[in-house]
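# Descriptive analysis of the structure
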Amino acid sequence: MVSEAESPPSAAPPDADERVRKVSLLSRLLARPEFGAGLGAVLVWIFFAVIAYDNNFASWATFAAIMNRAAPLGILAVAVALLMIGGEFDLSIGSILGFAGMTIMVLVFPEANGGFGWGIWPAILAALVLALAIGAFNGALVVATKLPSFIITLATLFIFRGLTIALTRMLTNRTQLGDLDEASGFGLADTLFASEIHFMGATFRVSILWWFGMAALATWILLRSRQGNWIFGTGGDANAARNVGVPVNRVKIALFMGTAFAAFLVATIQAVQFTGSDTLRGFGLEFQAIIAVVVGGTLLTGGFGSAIGASFGALIFAMVQQGIIITGVDGDWFQVFVGVVLVIAVIFNNFVRQKASQR
Amino acid sequence: MSSTKTAPLLEIRNVSKFFGSVIALQDVSCFVRAGEVTCLLGDNGAGKSTLIKVLSGVHKASEGEYLFDGERQSFDSPREALEMGIATVYQDLAMIPLMSVWRNFFLGSEPTKGWGPFKQFDSKLAKETTKDEMAKMGIDIRDPDQTVGTLSGGERQSVAIARAVHFGAKVLILDEPTAALGVKQAGVVLKYILQAKSKGIGVIFITHNPQHAYPVGDHFVILRRGQVYGDFSKEEIPLEQLVQMMAGGADLEVLKHELEEAAQEGGADAEVYAETADEIQSELVDMGETSEEQGES
């Protein structure tokens, strides 16, 4: 019975190589950068589902709340993942987010109050152009000075946060601007960036679709395009990549423009959603994004990682946030939880990666 | 070998390279013909690295001529040299360990399919080509999806050589490809050097190991202190003499005297010095004898 069930060795396909073991589906999954974060997301969900069972954590409505919370961070994390795979950091995205948001607000704000009285679409376009210019500036500075991007973008973090505060106050004498919904063209912007989708009794924000779109695009770029190969090469070993003709500098500048674009997108979504912005918006988001990316399995040293993993990282972050709110634990403890989750995730990821490479 | 040799494919004539007041290379000339292997031998600090950089287009020579296919060239970047078919495989900068073999193989020269914004990296073609090209070089790759980090040092060099050959290299410059390898692994790499040679590629093989150079080389250029110390074709020089020239019999003599003096002065290490001096003496005798034997035959 046994001998009949098992196929004879000669039935193997002719091009099978005896040195290649049939690796199980599990160990092939383990070798993927996003696997650890995906499993982590499930574990964190189960943890809160048990802990906060009475608070209805394991419900469709809570799931929607988690997704809505994860979307802005997810958009940022996806772009930061590409940059970090390319071997660089961007600490300035929170400041770019604040700058882009206030650019829209100041341009739309009535002329009488120190604004420019533009329609919302020209303002959004201007914010996009400025954000991309800042990203290109970050990248060009990193490439030209050969200094660590950690330092360069730490500098631009202060420069653009400072400019946001100083210029807004200089022009409007305020730190918070509102009434964006009175600007011309707001209806379409609201539909595109802030509409709600009611699905099976829960309310999802359209920003989730932007997040998924960004993640899909980033994954396609990484795995299916030439440029993706260049990103892995640039982060893996910039010199080796340059030696075989990869335009390393162009790749880096483009990646910095990518994170700046993500910051602009989140700034626009939030400005439209809250019909306003303030000069401190986005503060600290750069670290949350890096945490999400690292939890998502991307190597801090570059050359390895995934956009899907970063999305799972953002999801874990949002679950912990939502879990703490829903269980009524004092919100003061949130940062402690984040730190603990970060350390556990990184140790877990390293463990998984070592297991995977040993096979 | 025939007496009527073809013209050199790549040649440098009287090349010097200065860095400020430092003379890194002086009056260095060498060449490689299609389908031949020229070995550049030299100990550490002999100027090998500078010469590689001049040959591969990283540095411009301060003086002298660079000829490719009989025409004068002056490269502003390694990319320009690569486009003419002068490919350099660096000892440790050849491959990216975290990337799979097929991604490494096509890095910088990815095949694409589709058009416009939907143009994508043709990964299926890349994987198949990688496997085929490696097979043509006699390298049986297990799984093109495995990362280069899991390959041995010899396999990495082999992939890098196969890649250069696939992308149409006419001249292959190999920077110490066998330096960090064990005996068997080095043998594997030497085999691929011969494979490349038999495809009509001119190979410049840089090494400090005459044992590795001799079996594959057609021509040997010995560098010392930035100058050409000797330039021989294979018929002109037996292995033992090559080894002796590399080791520098005169230098060993000086070292032996220094050690003997130190031994006479006494001290804790006197015995060790004396023993080492004896060893060098016996080595010098061996060299002398073997090279004489070769001279007689």
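To be clear, the structure that these remarks concern was listed above.
This is a predicted model, so every value here is computed, not measured.

Scoring rules and cut-offs
Residues numbered from 1 in each chain as written. Chains lettered and ligands numbered in written order. Predicted model: local features only at pLDDT ≥ 70, side-chain atom pairs only at ≥ 80, totals over all residues. Helix = DSSP H or I, 4+ residues; strand = E, 2+ residues; numbered from the N terminus. Buried ≥ 20, exposed ≤ 12 C-beta atoms within 10 Å, placed from the backbone. Contact = placed C-beta atoms within 7 Å. Nonpolar A, V, L, I, M, F, W, Y, C, P; charged D, E, K, R; others polar. Pairing = 2+ DSSP bridges. Axes fitted to C-alpha atoms, helices over the stretch in contact; angles between N-to-C directions. Core = buried A, V, L, I, M, F, W, Y, C linked by C-beta atoms within 7 Å.

### Some thoughts on the overall build of chain A
Tallying secondary structure elements over chain A gives 15 helices and 4 strands in all. A principal-axis box enclosing the C-alpha atoms of chain A has dimensions of 90 × 60 × 35 Å. Burial status across chain A gives 48% buried among its 359 residues. For chain A, long-range pairs separated by at least 24 residues make up 79% of all intrachain contacts whose partners lie at least 6 apart in sequence.

### Comments concerning the overall build of chain B
Of regular secondary structure, chain B possesses 10 helices and 12 strands. Excluding contacts between residues fewer than 6 apart, the proportion of contacts in chain B whose partners are at least 24 apart in sequence is 68%.

### Re the interface of chain A and chain B
Of the residues lining the interface, 21 residues belong to chain A; the matching set on chain B comes to 20 residues. For the side of chain A that touches chain B, the elements supplying multiple residues, two or more each, are helix H10 (226-236) and helix H11 (238-243) of chain A. A total of 6 residues in the side of chain A that touches chain B trace back to one element, the largest contributor, which is H10 of chain A. Grouping the amino acids of the side of chain A that touches chain B by side-chain chemistry returns 7 nonpolar, 9 polar and 5 charged.

### Re the sheet that holds strand S4 (residues 63-68) of chain B
Residue and element names in this part refer to chain B. Pairing in this open sheet of 4 strands is antiparallel, and the strands run S2-S1-S4-S5 from one edge to the other. Only two strands of the sheet have a single partner each, and these edge strands are strand S2 (22-32) and strand S5 (71-72). Looking at chain direction, S4 and S5 are connected through 2 bridges and run antiparallel. Residue pairing in the sheet places Phe-68 in a bridge with Glu-71 of S5. Packed on one face of the sheet, helix H1 (residues 48-56) meets strand S1 (10-19) and S2 and runs near 60° to S2.

### Examining the sheet that holds strand S10 (residues 202-207) of chain B
Residues and elements named next belong to chain B. Pairing is mixed across the open sheet formed by 6 strands, whose spatial order is S6-S9-S10-S3-S11-S12. Both outer strands of the open sheet, strand S6 (86-89) and strand S12 (227-233), are each paired with one neighbouring strand and no more. Averaged over all neighbouring strand pairs, the angle between strand axes comes to 15°, with direction disregarded. Pairing of strand S3 (residues 37-41) with S10, which is carried by 5 bridges, proceeds in the parallel orientation. Across the sheet, residue Thr-38 finds its bridge partner in S10, namely Ile-204. Its contacts with the sheet place helix H5 (residues 153-166) against S6 and strand S9 (171-175), and it is angled at close to 170° to S6.

### Quick look at the nonpolar core
Leu-76, Ala-77, Val-78, Val-80, Ala-81 and Ala-263 of chain A together with Leu-172 of chain B are the most contacted members of the largest nonpolar core, which has 174 residues in total. Ranked by residues supplied to this core, first place goes to helix H4 (residues 60-85) of chain A with 17 residues. Not counting the four nearest positions on each side in its chain, Val-78 of chain A is found in contact with Met-214, Ala-215, Ala-218, Ala-262, Ala-307, Ala-310 and Ser-311 of chain A.

### Some points on the environment of Gln-241 of chain B
Within the secondary structure, Gln-241 of chain B is located in helix H8 (residues 239-247). For the pair Gln-241 of chain B and Pro-210 of chain B, spaced 31 residues apart in the sequence, the C-alpha separation amounts to 9.9 Å.

### Description of H1 of chain B
Residues and elements named next belong to chain B. By the criterion of burial, H1 is predominantly enclosed, with 7 of the 9 residues buried. All of the buried residues in H1 are Lys-48, Thr-50, Leu-51, Ile-52, Val-54, Leu-55 and Ser-56. Looking at the residues trailing H1, positive phi occurs at Gly-57, about 95°.

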